[in-house]
Amino acid sequence: MKKINIEVVLAFLVFSYVIVLSNFFDWDMFYSFFEVDRRSWLYNFEVPIWSYQLCSGVTRIGDAQAFGVSPLFIFPLLFGSVIGSKILIIASAIYGFYFIKKFIELIYKTYFPIYSVSALAGPPAAETALLVKRWFNLIALSFIFSNFFLWHFIFGHVSFLLFYLALVYFYVTTKSLIGKLEKEDFFHGLLSLILIFTSGFYHVTIFFLLPLFITYLLTVISLIIINCKQVKYSLLSNGVIVFLALLVSSYKWVPSIIYQLNHSRILTEKMLDVSSIKEFLIDQFLPTINFKYLGIFNYIPVNNSANPFGIWEKSVFSINAFLTLVALALFLFNFKKIKKFILGIHRKNNSAITLLIFFIFIFITYVSLSLGNFAEWAPYNLLNKYIVQGSLRVASRFGFGVSLLMIIPTIFLFHFCIERKFKKIYFLIYILLLLNILENNSTRSFRYFKWFLFVKSNEANLPMNQQTFIHSRSLIPDEIATSTTSFSYPYLLQGKGVVACENSSARENILEQETKKYTVENLRTELIETNYKKLDFRLKSYHSFIYEHDKKGNSIDNLCKNLSYYTQNKIMIDKSCPIDVCLNVNSLSVNDKNKFKYNEKYNRYCRFSL
């Protein structure tokens with residue numbers, strides 16, 4: 001038992017090491033999201049509905065990637081935005097690992113009901129039991145640390161940790177189809193969905209839960225046709241879990257959906273996102289998340305015009321993909337023996353047939369979605385047009401569901417090879433698993449991590465003359481600014497607002513013309529064109545919160561500027577300010593009690609008399 005624990009703990013330590021030291025690309029963006037919500041709770045004692053610090057004013061409750069009102073936000077609250085987000089990912093991975101292992105055990109018991117651990121041929125029962133648990137651990141670890149997760153976490157897509165929680169609900173759904181749910185299963189299924197729908201639910205809902213729901217309905221319809229009695233219980237138990245979860249979490253997902261419907265996130269141009277079967281197989285079986293795997297060979301090139309992320313984000317490889325190929329070869333070489341064995345199990349095993357139907361539908365659903373917008377009638381196109389308002393991109397993310405299915409052939413592979421000496425192969429696969437986690441060069445980012453930790457933080461509300469809006473990366477070291485897609489977090493720590501930043505939530509109104517040219521994309525373009533040479537934006541970095549003059553050209557008194565301030569949710573204009581004082585903010589929260597109106601002539605927001 002100690003050896004098993006050591007192997008699992010070691011794998012999680014290696015994973016944690018990689019996660020802690022990964023601070024590239026979108027990490028800054030998610031640090032920023034966590035930070036403004038954290039400040040709302042801790043410093044303003046307000047529920048994070050809106051943020052005036054971020055993106056010149058942007059919704060938080062309406063952001064489908066925001067965690068600020070979720071129970072999961074306890075980690076950033078207690079440990080800070082940087083360390084808290086890391087702990088949140090690791091804790092979610094442990095939770096997902098536990099239930100994927102339970103899923104593996106469920107599949108094994110379903111397809112091999114006449115076998116118990118003690119009845120397996122080969123070594124003595126105790127040694128066999130140890131081998132079974134070690135293999136199940138290895139299969140579960142291989143999926144939990146697959147490239148789908150590694151890539152997204154290394155590059156800062158923190159919201160993808162919710163896929164770990166979705167694995168809990170996946171297990172509960174699978175078990176409901178073939179057996180009674182225990183109280184523990186019901187609780188965890190409900191908890192996982194509540195945590196998902198109160199957090200940054202967009203990606204996991206679109207790329208996993210929605211297709212899973214469609215797959216489940218197709219399975220239920222098929223079971224009704226073949227008159228399966230278990231389907232009524234499954235529908236009832238699943239229905240209760242989903243209904244209660246949606247009800248409890250409605251305070252988050254309802255305003256998010258309403259906001260998105262009114263201010264949809266439309267991509268600037270329709271993204272061609274087509275994958276061939278060949279590319280789909282590459283995504284599943286290519287063992288790399290970098291340009292080279294262990295420095296040995298380059299990845300197989302794909303048509304980059306089909307997806308701007310190339311193989312990086314498209315890869316959903318896990319070690320189980322290799323084991324699936326071995327299982328397929330074993331099946332071909334022992335076709336008659338294995339076919340006879342499986343048919344013998346199925347004759348009196350309705351559960352095995354039920355799960356087979358479920359898994360076939362999963363395979364068809366996720367493969368068809370992974371192929372992207374190959375035709376007008378493609379499932380990907382229909383989903384994009386009728387469900388997510390044209391904001392869908394990176395169809396390869398649906399490959400997650402197929403990668404999950406590869407757990408099943410590895411279980412069969414283990415069973416049919418249990419009589420053979422597999423210890424050496426086990427350790428070889430385990431070492432490959434660790435190497436795949438480590439193969440990302442994230443260790444070079446320790447200096448980034450250390451810098452993020454020691455940026456000085458201003459926790460109190462600053463007076464207006466200090467609480468300014470920032471355009472550029474003037475406070476950020478060059479080596480960090482050139483490795484991130486967002487330049488927000490250090491400024492937010494200092495109590496400053498950020499005008500142009502990366503955020504997927506559309507804002508209601510237009511940035512003033514003066515700030516338009518300083519969007520994140522433009523800054524990144526300039527950096528690329530100058531080969532990452534230092535760009536000095538210091539002279540253009542600061543905007544005062546209140547305009548220097550009112551509409552009539554009169555100077556605004558310094559007392560007005562110094563005594564006015566903003567919290568995350570409110571703009572606090574001092575009484576000394578004139579009636580027509582104008583703000584350097586592009587969007588105002590609907591919850592703000594102050595009266596401001598957008599003035600098209602002056603392209604700014606101004607207070608007006610009641």
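These figures come from a predicted structure and were not determined experimentally.

Novice: Which parts of the structure should I look at to understand the overall build of the protein chain?
Specialist: Scanning the protein chain from N- to C-terminus turns up 26 helices and 12 strands. Across the 610 residues in the protein chain, those meeting the buried criterion constitute 58%. For the protein chain, the share of sequence-separated contacts (at least 6 apart) that also reach a separation of at least 24 residues comes to 78%. Taken as a whole, the protein chain presents about 26,900 Å² of accessible surface, with 64% of it coming from carbon and sulfur.

Novice: Just to check I follow, could you spell out the packing of aromatic side chains for this structure?
Specialist: Aromatic ring pairs are reported here in terms of the distance separating the ring centres and the angle at which the planes meet. Taken as a whole and judged by the stated rule, the model has 40 aromatic pairs. Over the aromatic face of Y233 sits the side chain of K180, whose NZ or CZ is 4.2 Å from the ring centroid.

Novice: Help me understand the sheet that holds strand β12 (residues 604-607), please; the structure alone is not making it clear to me.
Specialist: By way of backbone hydrogen bonds, the strands of a sheet pair with one another, either parallel or antiparallel. Spatial strand order, β10-β12-β11: 3 strands in an open sheet with antiparallel pairing. The open sheet terminates on both sides in strands that have one partner only, identified here as β10 (582-583) and β11 (596-599). Bridge count for β10 against β12 is 2 bridges, and the pairing is antiparallel. Within β12, the position partnered with L583 by the bridge is Y605.

Novice: Looking at this structure, I do not really get the state of the cysteines. What am I missing?
Specialist: One way to say it: the disulfide is the covalent bond shared by the sulfur atoms of two cysteines. Here the structure, examined in full by the defined rule, presents 2 disulfides. Sulfur-sulfur distance for the disulfide between C560 and C577 comes to 1.8 Å. Residues C560 and C577 are joined through a disulfide that is right-handed, its torsion about the S-S bond being 100 degrees. Pair noted here: C560 is in helix α26 (residues 558-563) and C577 is in the loop between β9 (571-572) and β10, with a separation of 17 residues, a long-range link. Covalently, C582 is tied to C606 through a disulfide, its sulfur atoms 2.0 Å apart. Between C582 and C606 the sulfur-sulfur dihedral comes to about 95 degrees; the bridge is accordingly right-handed. Of the two residues, C582 is situated in strand β10 and C606 in strand β12; the sequence distance between them amounts to 24 residues. In this structure C582 comes out as buried when scored by relative accessible area, which is 1%.

Novice: Could you clarify how one ought to interpret the confidence of the model for the protein chain in this entry?
Specialist: Close inspection of predicted coordinates is inappropriate for parts of the model with low pLDDT. With 71% of its residues at a pLDDT of at least 70, the protein chain reaches an overall mean of 77. Contacts for the low-pLDDT stretch residues 116-121, under 50 throughout, to residues beyond four places or in other chains number 11 contacts.

Novice: Would you mind going over the pattern of salt bridges with me for this structure?
Specialist: Side chains that differ in sign of charge can pair as their charged atoms come close. Using the criterion set out here, one finds 7 salt bridges in the structure. The shortest N-O distance in the salt bridge between E35 and R39 comes to 2.9 Å. With E35 and R39 both in helix α2 (residues 27-42) and 4 residues apart, this pair spans about one turn of that helix. You can call E35 buried: its relative accessible area is 2%. Looking at R39, the relative accessible area reads 4%, which means it is buried. For D37, the salt bridge identified is with R60, shortest N-O distance 2.9 Å. Highlighted residues: D37 in helix α2 and R60 in the loop between β2 (58-59) and α3 (74-79), separated in sequence by 23 residues. The two residues D37 and R60 agree in class, both being buried. A cluster of three or more residues bridged by salt bridges with shared partners is formed by D37, R60 and D63.

Novice: Even after reading the chapter, I still don't get the nonpolar core, so can you show me in this structure?
Specialist: Ranked by size, the top nonpolar core spans 138 residues in total, and within it F15, I196, F208 and F359 carry the most contacts. At 14 residues, helix α4 (residues 81-111) tops the list of elements feeding residues into this core. Those residues in contact with F208, other than ones at most four positions away along the chain, are F163, A166, F170, H203, Y366, F400 and L404. Residues F545, I571, I573 and L588 belong to the second largest nonpolar core, which totals 15 residues.

Novice: Could you clarify how one ought to interpret a nonpolar patch on the surface in this entry?
Specialist: Taken together, the side chains of F213, I214, L217, L218, I221, I225 and I226 make up a nonpolar region of the molecular surface, amounting to roughly 650 Å² of accessible area. A residue is classified by how much of its surface remains accessible, and L218, at 33% relative accessible area, is partly exposed.

Novice: Looking at this model, I keep getting lost on the side chain of S85. Mind explaining?
Specialist: Take S85: it is sitting in helix α4. For S85, the residues in contact, after removing those within four places along its chain, are W27, Y31, F34 and G80.

Novice: Looking at this model, I keep getting lost on the side chain of K101. Mind explaining?
Specialist: Following the sequence through the fold, K101 ends up in helix α4. E105 provides the closest opposite charge to the buried, unpaired K101, separated from it by 4.7 Å. In contact with K101, other than residues within four places in its own chain, are K133, F136, N137 and A140.

Novice: What am I meant to see in the packing of α2 against α4 here?
Specialist: The geometry of a pair of packed helices is captured by two quantities: the angle between their axes and the separation between those axes. Contact pair α2 / α4: the axes reach a minimum separation of 9 Å and the direction vectors enclose 105 degrees. If you check the angle between α2 and α4, you find them roughly perpendicular. Along the contact surface, α2 presents W27, Y31, F34, E35 and R38, while α4 presents S81, V82, S85, K86, L88 and I89. For the contact of α2 with α4, the per-class residue count stands at 6 nonpolar, 2 polar and 3 charged.

Novice: Hey, could you run me through unusual backbone geometry in this one?
Specialist: With glycine set apart, most residues show a phi of negative sign, and most peptide bonds adopt trans. One non-glycine residue, F45, lies in the positive phi region at around 55 degrees. Within the secondary structure layout, F45 lies in the loop between α2 and β1 (50-51). Accessibility expressed as a relative area gives 71% for F45, which makes it exposed.

Novice: Could you clarify how one ought to interpret the environment of S51 in this entry?
Specialist: Position of S51 among the secondary structure elements: in strand β1. On the basis of relative accessibility, which here comes to 1%, the residue S51 falls in the buried class. Along the chain, S51 and T567 lie 516 residues apart, while their C-alpha atoms are 7.8 Å from each other. When neighbours within four sequence positions are excluded, S51 is seen to be in contact with V36, G57, V58, R60 and Q568. One polar contact links the side chain of S51 to the main-chain amide nitrogen of L54, over a distance of 3.2 Å.

Calculation rules
- Residues numbered from 1 in each chain as written.
- Predicted model: local features only at pLDDT ≥ 70, side-chain atom pairs only at ≥ 80, totals over all residues.
- Heavy atoms only, no water.
- Helix = DSSP H or I, 4+ residues; strand = E, 2+ residues; numbered from the N terminus.
- Buried < 20%, exposed > 50% of the residue type's maximum accessible area, 1.4 Å probe, protein only.
- Contact = heavy atoms within 4.5 Å.
- Areas by Shrake-Rupley, 256 points an atom, 1.4 Å probe, with all protein chains shown as cover.
- Phe/Tyr/Trp six-rings, centres within 6.5 Å; stacked < 30°, edge-to-face > 60°.
- Lys NZ or Arg CZ within 6 Å of the ring centre and 35° of its normal.
- Pairing = 2+ DSSP bridges.
- Disulfide = S-S within 2.5 Å.
- pLDDT = per-residue confidence, 0-100.
- Salt bridge = Lys/Arg side-chain N within 4 Å of Asp/Glu carboxyl O.
- Core = buried A, V, L, I, M, F, W, Y, C linked by side-chain atoms within 4.5 Å.
- Patch = residues over 30% accessible without salt bridge, like charges linked within 9 Å, V, L, I, M, F, W, Y side chains within 5 Å.
- Lys, Arg positive; Asp, Glu negative; His and termini not counted.
- Axes fitted to C-alpha atoms, helices over the stretch in contact; angles between N-to-C directions.
- Parallel < 35°, antiparallel > 145°, perpendicular 65-115°, else oblique.
- Nonpolar A, V, L, I, M, F, W, Y, C, P; charged D, E, K, R; others polar.
- Polar contact = N/O pair within 3.5 Å; in protein donor to acceptor, adjacent residues only side chain to side chain.

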